[in-house]
Amino acid sequence: MNLKNLPAKKTMKLLALLLTSLLIASVSAFTYYSLTISSTITVYAANVYFIEGTDNNTGPGPVILTLDSTNTTATITGLVAYKNASLTYTNVTLVYNNGGSASQLRLAPYTDPSTNPEDFVYVKFLLNATTAGDRRWLNYTSDGSSWTSPGSATSWTTTGLGASAMWPVVIMTKANATATASQTVDIAITVDVQ
Amino acid sequence: MIKYRREFRRIYRSIWGALALLILLGFLLQNVAGSVYYSLLMESSMAVSSAPVELQAGTAGTSTIYTNGTSALVSLGNDVIDYVDNNTSDVDNSTDVGTHSNFTAQQYGLDSINDTLTEENNPANDTIWLYINADDETRTDWTRVGTNPYLDAIDYPTNFVNASGNNLQVGDFNFTDSGKSTETIDSVTVQIYGQQSNSKDLEVFVWNGSAWISLGVQTLTTSWRWENYTATTILDTWTKIDGAKIYLVSKSAAGTFEVDCARLQVDYTNPNYELDLEVQWTTVDYDESNEFLCIYGGTMGAENITVDVWNGTGWENVRSDLNSGWNNVSVSSYLDSSNFTIRFKGDIETFDNATQDTWDIDATLLHVWTEAGSGSGDFNYVLNMTEKHNSNWKVRLKAYDNSSLSRLDNCSIYIYNGSNSTQIIILNGAYNQQTGPWIDLNASDTEYTWMHVETSSTGTSYVYAYLEIRVPNSTVYARYIITFKIT
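Procedures and definitions
Residues numbered from 1 in each chain as written. Chains lettered and ligands numbered in written order. Predicted model: local features only at pLDDT ≥ 70, side-chain atom pairs only at ≥ 80, totals over all residues. Helix = DSSP H or I, 4+ residues; strand = E, 2+ residues; numbered from the N terminus. Buried ≥ 20, exposed ≤ 12 C-beta atoms within 10 Å, placed from the backbone. Contact = placed C-beta atoms within 7 Å. Core = buried A, V, L, I, M, F, W, Y, C linked by C-beta atoms within 7 Å. Pairing = 2+ DSSP bridges. Axes fitted to C-alpha atoms, helices over the stretch in contact; angles between N-to-C directions. pLDDT = per-residue confidence, 0-100.

A few words on the overall build of chain B. A count of helical and extended segments in chain B gives two helices and 35 strands. Looking at chain B as a whole, 37% of its 487 residues qualify as buried. Residue pairs at least 24 apart in sequence account for 76% of intrachain contacts in chain B once pairs closer than 6 positions are excluded.

This is how it looks when you write it as structure tokens:
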């Protein structure tokens with residue numbers, strides 16, 4: 001009996017061919033998608049950037065927001081921290097998506113605080129997404145003698161900042177009850193966009 | 001058949017190869033995707049500043065304002081547990097009697113760690129006289145007048161004995177039993193009440209249980225009086241004392257011997273277990289509606305332990321005994337100053353020679369309280385807030401947590417700034433309004449908070465609230481924590 005003549009032999013060959021085809025198709029698709037993303041980054045200006053919030057130039061302080069020409073760097077001055085009381089800046093600046101599709105965001109530490117830990121209790125940054133599941137916190141806390149900074153970036157949002165949507169970056173401060181007035185601390189973070 | 005197997009092997013190899021390639025490409029794709037992002041930089045700088053509004057204590061209830069006036073505890077009604085402070089007082093100028101094993105244990109608990117109060121033995125010296133109660137009349141040299149036992153009392157000339165002549169004996173006379181066995185014997189003396197017309201000697205012999213021992217001679221005077229014959233070393237036990245008997249011997253032929261009475265004088269020391277321990281509070285809250293002394297007893301001695309309260313001039317009893325467990329008694333009528341003193345005292349303090357009692361005390365405290373809802377229920381000016389930055393603000397109260405709300409029939413918190421603004425309402429144990437409306441707090445203004453409270457039962461409820469202070473036309477706001485404690 002010749003096994004080559006059996007129907008099963010043909011079926012096996014066909015199955016192997018089919019799997020190989022699927023494999024080639026899959027690999028081709030992934031490769032194409034990756035190249036497309038790279039080209040977007042290099043060619044176009046950022047679609048997601050900072051915009052001014054309603055709390056800009058309001059007291060106490062007052063808080064002043066300065067944006068660079070591309071709105072990709074926000075400098076906030078005039079923030080204050082009250083002794084033994086929390087102070088929340090709800091809407092100094094927002095992250096705005098000017099693109100046509102959703103972008104995933106995360107907060108990441110950039111320059112950690114290094115001065116006056118005895119004067120502060122915490123400085124917290126909240127990416128205040130519309131949906132609770134996309135909100136991200138970056139907390140800097142002091143035990144009175146040293147600062148504790150986040151060791152890494154937050155996780156990426158899951159739903160993301162939709163087209164034409166905007167999320168405020170909330171800032172919360174609190175000074176130590178025995179803090180010295182006018183003592184300062186500087187912190188820089190990044191809002192990463194994917 | 002071999003060829004058939006070989007073809008299958010090829011198929012398997014192809015499948016495994018394809019899968020491996022897919023996995024490797026999957027990793028590659030993920031890495032590429034994760035690295036594609038850009039960053040927006042946010043630089044921020046902040047400075048410490050004084051808070052714009054300062055909390056200040058009101059005139060109703062009790063407010064504790066914390067550092068910087070940015071948080072507060074408002075207490076309506078009061079509920080204080082005050083453990084005893086010391087055991088060193090001496091308000092009655094009477095030294096403590098007895099001991100504490102661990103006074104600190106009374107200052108904490110309940111924790112089953114006890115301070116054991118132990119009676120102290122303060123021996124009491126005493127004297128007993130055992131009179132003649134029998135005369136066996138075995139020695140008959142003397143004349144007996146009256147009735148047996150002749151020498152049991154000073155009753156001359158009704159009952160007595162007399163003799164004229166030398167070496168005449170009379171006896172034997174027995175003494176009443178002492179009824180004692182444990183007391184320490186200090187001295188024993190045979191006492192003879194007699195006289196001798198010529199002042200001559202009388203010798204006394206005593207029976208020590210096994211032999212007659214001479215106690216020597218004493219010279220009787222010409223008038224009646226007691227003569228002492230020391231027998232301490234001979235009758236050195238209560239058994240010997242109770243078995244003692246004597247006979248008398250005249251030691252002169254001149255004159256007449258007359259004896260009217262005889263007795264044993266026994267000086268002894270009696271154990272006496274006493275307890276008298278003061279304990280004191282020094283900073284008592286003494287103006288509450290309810291004021292109770294609470295003592296938690298553990299294992300208690302058989303003897304009652306009493307508790308007295310110092311009223312400024314003397315002790316007044318408030319407990320005739322303490323039981324195991326809580327012993328609570330109102331002391332409102334005595335608690336009228338910041339110092340409060342009690343004493344633990346044994347119930348039997350005289351001739352308490354049975355047992356050295358002990359009593360375990362786990363905790364001793366004063367529980368004083370006033371219920372907020374028991375009066376009119378209105379507490380004006382419980383807390384003030386004063387603007388300090390010369391700016392205008394919006395303020396409101398927002399309850400964010402609580403405990404034991406169920407006993408609050410009505411707890412309403414208002415801010416008054418010329419008119420009442422109802423901020424928080426709790427009705428029948430539930431929030432009716434948890435966040436108040438924003439109201440103006442203008443530059444340099446002072447506004448105050450007042451409350452209405454009605455409670456359905458005793459206890460302590462807490463309402464934790466934020467005082468939110470917002471910049472007008474802005475969403476920037478500060479939060480102060482205010483705790484409302486309602487007893």
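On a plain count of helices and strands, chain A comes out with one helix and ten strands. Tracing chain A from N to C terminus, the helices and strands come up as α-β-β-β-β-β-β-β-β-β-β. Taking the contacts inside chain A whose residues are at least 6 apart along the sequence as the reference set, 74% of them involve residues at least 24 apart.

Take unusual backbone geometry next. Residues and elements named next belong to chain B. Of the consecutive residues G109 and L110, the connecting peptide bond is found in the cis state with omega at 20°. Among the structural elements, L110 can be located in the loop between β6 (99-100) and β7 (115-118). Residue Y156 is joined to P157 through a cis peptide bond whose omega torsion reads 10°. Mapped onto the fold, P157 is located in the loop between β10 (143-145) and β11 (160-163). In the Ramachandran plot, S112 falls in the positive-phi region, its phi being about 60° despite a non-glycine side chain. Secondary-structure assignment places S112 in the loop between β6 and β7.

In this structure, V95 and V191 of chain A together with A465 and L467 of chain B are the most contacted members of the largest nonpolar core, which totals 81 residues. Each residue touching L467 of chain B, except ones within four places of it in the same chain, is listed here: M385, V395, L397, Y480 and I482 of chain B. By size, the runner-up hydrophobic cluster in this structure holds 37 residues, among which are F160, L220, A244 and I246 of chain B.

What follows concerns the pairing of strand β15 (residues 212-219) of chain B. Moving residue by residue along a regular strand, the side chains alternate between the two faces of the sheet. Residues and elements named next belong to chain B. In the sheet, strand β14 (residues 201-207) pairs with β15 via six bridges, with the strands oriented antiparallel. The partner of D201 across the bridge, within β15, is T219. Between β14 and β15, which pair antiparallel and follow one another directly, the connecting turn spans four residues, one of which, G209, has a positive phi of 105°.

This next bit is on the pairing of strand β33 (residues 446-455) of chain B. Residues and elements named next belong to chain B. With burial as the criterion, only one face of β33 is covered, namely that bearing E447, T449, M451, V453 and T455; the residues T446, Y448, W450, H452 and E454 on the opposite face remain uncovered. Relative to β33, strand β29 (residues 408-416) runs antiparallel, the two sharing eight bridges. Bridging from a neighbouring strand, I415 pairs with T449 of β33.

A word on the sheet that holds strand β25 (residues 340-346) of chain B. All names here are of chain B. Pairing is antiparallel in the open sheet, where four strands are placed in the order β20-β25-β22-β23. Looking along the sheet, the strands with just one partner apiece sit at the ends: β20 (276-281) and β23 (315-319). On average, adjacent strands in this sheet sit at an angle of 30° to one another, irrespective of strand direction. Relative to β25, β20 is paired through six bridges, and the arrangement is antiparallel. The partner of D276 across the bridge, within β25, is K345.

As a further point, take the sheet that holds strand β30 (residues 420-427) of chain B. All names here are of chain B. Strand order in the open sheet formed by six strands is β2-β27-β33-β29-β30-β31, with antiparallel pairing between adjacent strands. Two strands bound the open sheet, and with one partner strand each, they are β2 (53-57) and β31 (430-433). Ignoring which end each strand starts from, the neighbouring axes of this sheet average 20° apart. Bridge count between β29 and β30: seven bridges; the pairing is antiparallel. Residue pairing for β30: Y416 is matched across the bridge by N420.

Moving on: the environment of Y416 of chain B. Residue and element names in this part refer to chain B. Within the secondary structure layout, Y416 lies in strand β29. C-beta crowding within 10 Å serves as the criterion here: with 14 such atoms nearby, Y416 is assigned to the partly exposed category. Sequence separation between Y416 and T446 is 30 residues, and the spatial gap between their C-alpha atoms is 9.5 Å.

This paragraph deals with the environment of Y400 of chain B. In this fold, Y400 of chain B is placed in strand β28 (residues 393-403). Excluding residues within four positions of it along the chain, Y400 of chain B makes contact with Y464, A465 and Y466 of chain B.

A separate point is the confidence of the model for chain B. Low pLDDT means the predicted atomic positions in that stretch should not be read closely. All names here are of chain B. Here chain B shows a mean pLDDT of 90. Residues at 70 or above account for 91%. In this model residues 24-34 is a low-confidence stretch, pLDDT under 50, and it forms five contacts with partners more than four residues away in sequence or in other chains. As scored by the predictor, the complex reaches a pTM of 0.58 and an ipTM of 0.78.

Glancing now at the confidence of the model for chain A. Looking at chain A, pLDDT values average 86 and 78% of them are 70 or higher. Every residue in residues 32-41 of chain A scores below 50 in pLDDT, and together they form six contacts with partners more than four places removed in sequence or on other chains.

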